[in-house]
Amino acid sequence: MAIIVNLDVMLARRKMSSGELASRVGITQANLSILKTGKAKAVRFSTLDAICRELRCQPGDILEYSDGTQED
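Calculation notes
- Every chain is numbered independently, its residues counted from 1 as its sequence is written.
- Residues qualify for local features only when their pLDDT is at least 70, as the model is predicted, and side-chain atom pairs are given and counted only at 80 or more; totals for whole chains, interfaces and linings, by contrast, use all residues.
- Heavy atoms from the whole structure form the basis of all side-chain values; hydrogens and water molecules are not counted.
- Should a side-chain nitrogen of Lys or Arg be within 4 Å of a carboxyl oxygen of Asp or Glu, the pair is scored as a salt bridge.
- Secondary structure elements follow DSSP: runs of H or I no shorter than four residues count as helices, runs of E no shorter than two count as strands, and numbering proceeds from the N terminus.
- A simple rule labels every residue: compare its accessible area, found with a 1.4 Å probe on the protein chains alone, to the largest value its type can have, and call it buried under 20%, exposed over 50%, or partly exposed in between.
- The criterion used for residue contact is that any of the two residues' heavy atoms lie within 4.5 Å.
- Every residue is assigned a pLDDT by the predictor, reflecting its confidence on a scale from 0 to 100.
- Helix axes are fitted only over the stretch in contact, all axes being lines through C-alpha atoms; the angle between N-to-C directions runs from 0 to 180 degrees.
- Roughly parallel covers angles under 35 degrees, roughly antiparallel covers those over 145, roughly perpendicular covers 65 to 115, and oblique covers all other angles.
- Two helices that cross are described as forming a left-handed crossing if the nearer one is turned anticlockwise from the farther one by less than a right angle, and a right-handed crossing if clockwise.
- The definition used for a disulfide is geometric: two cysteine sulfur atoms within 2.5 Å.

A. Main features of the pattern of salt bridges. Inspection of every chain in the model, using the stated rule, returns four salt bridges. A salt bridge links Glu54 to Arg24; the shortest N-O distance between them is 3.4 Å. Placement of the pair is Glu54 in helix α4 (residues 45-55) and Arg24 in helix α2 (residues 18-25), with a sequence separation of 30 residues. Judged by relative accessible area, which is 18%, Glu54 ranks as buried. On the basis of relative accessibility, which here comes to 41%, the residue Arg24 falls in the partly exposed class. Three or more residues joined by partner-sharing salt bridges are found here, namely Glu20, Arg24, Asp49, Arg53 and Glu54.

Right under this line is the structure:
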């Protein structure tokens, strides 16, 4: 997949557990885990908005695009 989810990085930076974030955002821990591992097929903007609000970050801090090529 060309979209990389860096949610675990932001959670570590904010010293917040997945369970705490799920509770604050209002989603299940299972759904947050699916998003965190990059297995989600879609994410609602309202969910992304809530995650960014709670982690005090921008969507680009969580989501990254990679075309698969590596720079030297």
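B. Spotlight on α4. Considered for burial, the residues of α4 that qualify are Thr47, Leu48, Ala50, Ile51, Cys52, Glu54 and Leu55. The elements touched by buried residues of α4 are α1 (7-13), α2, α3 (29-36), α5 (59-62) and β2 (63-65).

C. Looking closely at the confidence of the model for the protein. Of the residues in the protein, 94% have a pLDDT of 70 or more, and the chain-wide mean is 92. Looking over the protein, one finds the lowest element-wise mean pLDDT in strand β1 (residues 3-5), namely 92, and the highest in α4, namely 97.

D. Representation of the environment of Arg53 within the structure. As for its placement among the helices and strands, Arg53 is situated in helix α4. With 29 residues separating them in the primary sequence, Arg53 and Arg24 have C-alpha atoms 9.9 Å apart.

E. Main features of the side chain of Thr47. If you trace the backbone, Thr47 turns up in helix α4. When near neighbours in sequence (up to four residues on either side) are disregarded, Thr47 contacts Val25 and Ile27.

F. Seen up close, the packing of α2 against α4. Two numbers describe how α2 lies on α4: the axes approach to 9 Å, and their chain directions differ by 120°. Here α2 is positioned oblique relative to α4, judged by the angle of their axes. The handedness of the crossing between α2 and α4 is right-handed. On α4, the residues that touch Leu21, Arg24 and Val25 of α2 are Thr47, Ala50, Ile51, Glu54 and Leu55.

G. Broad picture of the state of the cysteines. In the structure shown here, the tally under the stated rule is zero disulfides. Free cysteine: Cys52, not disulfide-bonded; nearest cysteine sulfur from Cys57 at 4.2 Å. Given a relative accessible area of 9%, Cys57 falls into the buried group.

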